[in-house]
Amino acid sequence: MALASALLQVMMDAVRKTARPMLRDFGEVSQLQVSRKGPGDFVTAADIKAEQTLFELLLKARPGYGFLGEERGMIEGTDKTHTWIVDPIDGTTNFMHAMPHFAITVGLERKHPDGTAEIVACVTYNPVMNEMFWAEKGKGCYLNDTRIRTAGRADMAECLIATGLPFIGKTGHGQAIKDIHAVGQRVAGIRRLGAASLDFAWVAAGRYDAYFERNLQPWDVAAGILLVTEAGGVVTTIDQDGDPMKGKQIVAGNPDIQAKLRKILREA
């Protein structure tokens with residue numbers, strides 16, 4: 001049985017407490033108060049409430065840490081070396097349509113004296129399925145109490161690949177279609193389920209062989225990068241020298257398939 005550190009216990013407790021009212025709202029999804037943040041990009045009352053709960057719980061546990069959330073942006077802390085990176089409901093559209101595929105995701109970024117930064121701990125929690133994906137730098141990746149690893153397939157024709165598609169108001173529709181066309185001819189299947197954090201987590205668990213997407217944000221990728229790498233996978237950008245933490249173009253997967261997928265996407 002895996003034993004999470006005190007830091008991870010703080011993170012797990014925070015997301016579980018955040019999930020309780022979220023699950024009640026999910027059960028009465030037709031009654032949710034909904035406002036528009038942008039074309040096709042909805043923010044529910046549950047989303048705002050969840051981020052506030054996470055903010056309060058995480059800052060209480062680690063008072064000096066900074067906080068970067070999808071809804072409130074960056075809040076500087078007195079401790080300039082640590083920042084929580086949070087998406088309170090990744091998969092908001094799924095949530096609003098009563099689809100049980102969404103997650104609360106938290107990554108902890110640590111800055112080093114040389115100016116570099118890395119994610120050192122993370123959790124991604126699907127409350128409906130009660131699946132807690134978690135990892136700490138150098139200590140492996142876990143689903144609840146079981147260690148998980150990326151899939152071992154090396155033949156693209158046997159692989160199931162995840163991706164995302166831009167919604168209304170977002171750029172990149174044409175490129176996304178090109179990507180799917182290029183990849184789809186070479187793989188067993190492509191899935192688009194609408195929650196980037198769970199795409200990463202499912203790659204880490206071997207459910208997907210790889211995942212790619214363009215035009216994400218740091219809160220979409222922070223936890224997922226650590227989950228996949230600690231599960232034995234690789235996360236890069238499509239281009240040669242990009243920074244995956246910026247989220248602009250992500251390719252994640254087991255090393256063999258990730259490299260092959262990246263090559264296809266660079267040529268798409």
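Note that the structure is predicted; figures quoted are calculated from it, not measured.

Asker: Lay out the UniProt feature "binding site: Mg(2+) 2" (unreviewed entry) in the chain with the relevant residues and their values.
Answerer: Feature annotation in UniProt assigns "binding site: Mg(2+) 2" (unreviewed entry) to the following positions: Asp-90 and Asp-220. For the residues just named, distributed over 131 residues, the greatest C-alpha separation is only 7.5 Å, placing them together at one site. By the element assignment, Asp-90 lies in strand E5 (residues 79–90). For Asp-90, a relative accessible area of 7% translates into the label buried. With residues up to four places along the chain from it excluded, the contact list for Asp-90 reads Phe-102, Ala-103, Ala-195, Ala-196, Ser-197, Leu-198 and Asp-220. Side-chain polar atoms of Asp-90 contact the backbone nitrogen of Ala-196, separated by 3.1 Å. Relative to the assigned elements, Asp-220 resides in helix H6 (residues 218–230). Excluding residues within four positions of it along the chain, Asp-220 makes contact with Asp-87, Asp-90, Ala-196, Ser-197 and Phe-200.

Asker: So what about the pattern of salt bridges? Which residues, and what values?
Answerer: Taken as a whole, this structure holds nine salt bridges when the rule is applied. In this structure, Asp-179 engages Arg-214 in a salt bridge whose closest nitrogen and oxygen atoms are separated by 2.8 Å. Placement of Asp-179 in helix H4 (residues 173–184) and of Arg-214 in strand E13 (residues 210–214) is noted, with a sequence separation of 35 residues between them. The shortest N-O distance in the salt bridge between Lys-263 and Glu-267 comes to 2.9 Å.

Asker: I'd like to hear about H6, residue by residue, with values.
Answerer: Taking 1.5 Å per residue as the helical rise, H6 with its 13 residues ought to reach 18 Å, and the 18 Å between its terminal C-alpha atoms agrees with that figure. Burial analysis of H6 places eleven of its 13 residues in the buried class, the great majority of the element. For H6, the complete set of buried residues consists of Trp-219, Asp-220, Val-221, Ala-222, Ala-223, Gly-224, Ile-225, Leu-226, Leu-227, Val-228 and Glu-230. Gly-232 sits one or two residues past H6 and shows a positive phi near 95 degrees.

Asker: Any details on the domain arrangement of the chain? Residues and values, ideally.
Answerer: Taken domain by domain, the chain consists of domain 1 (6–148) and domain 2 (156–267). Computed over C-alpha atoms, the centres of domain 1 and domain 2 are 20 Å apart. Taken together, the contact between domain 1 and domain 2 spans 39 residues of the former and 24 residues of the latter. Buried area between domain 1 and domain 2, both sides added, is near 2300 Å², and the carbon and sulfur share of it is 68%. Considering only the side of domain 1, the residues that lose the most area to domain 2 are Asp-90, His-101 and Phe-133, jointly responsible for 23% of the buried surface there. Our enumeration of links across domain 1 and domain 2 arrives at one salt bridge. Taking the shortest distance from any N to any O, the salt bridge between Glu-131 and Arg-207 comes out at 2.8 Å. Those elements that provide at least two residues to the side of domain 1 that touches domain 2 are strand E3 (65–69), E5, strand E6 (103–111), strand E7 (117–126), strand E8 (131–136) and strand E9 (141–143). When residues in the side of domain 1 that touches domain 2 are grouped by element, the largest group, seven residues, is from E7. Counted by class, the side of domain 1 that touches domain 2 contains 18 nonpolar, eleven polar and ten charged residues.

Reading guide: rules and limits
- Residues numbered from 1 in each chain as written.
- Predicted model: local features only at pLDDT ≥ 70, side-chain atom pairs only at ≥ 80, totals over all residues.
- Heavy atoms only, no water.
- UniProt positions renumbered as here; feature names shortened; annotations may be inferred.
- Helix = DSSP H or I, 4+ residues; strand = E, 2+ residues; numbered from the N terminus.
- Buried < 20%, exposed > 50% of the residue type's maximum accessible area, 1.4 Å probe, protein only.
- Contact = heavy atoms within 4.5 Å.
- Polar contact = N/O pair within 3.5 Å; in protein donor to acceptor, adjacent residues only side chain to side chain.
- Salt bridge = Lys/Arg side-chain N within 4 Å of Asp/Glu carboxyl O.
- Expected span 1.5 Å × (residues − 1).
- Domains from an automatic or database assignment.
- Buried area = accessible area lost by both parts, 1.4 Å probe.
- Nonpolar A, V, L, I, M, F, W, Y, C, P; charged D, E, K, R; others polar.

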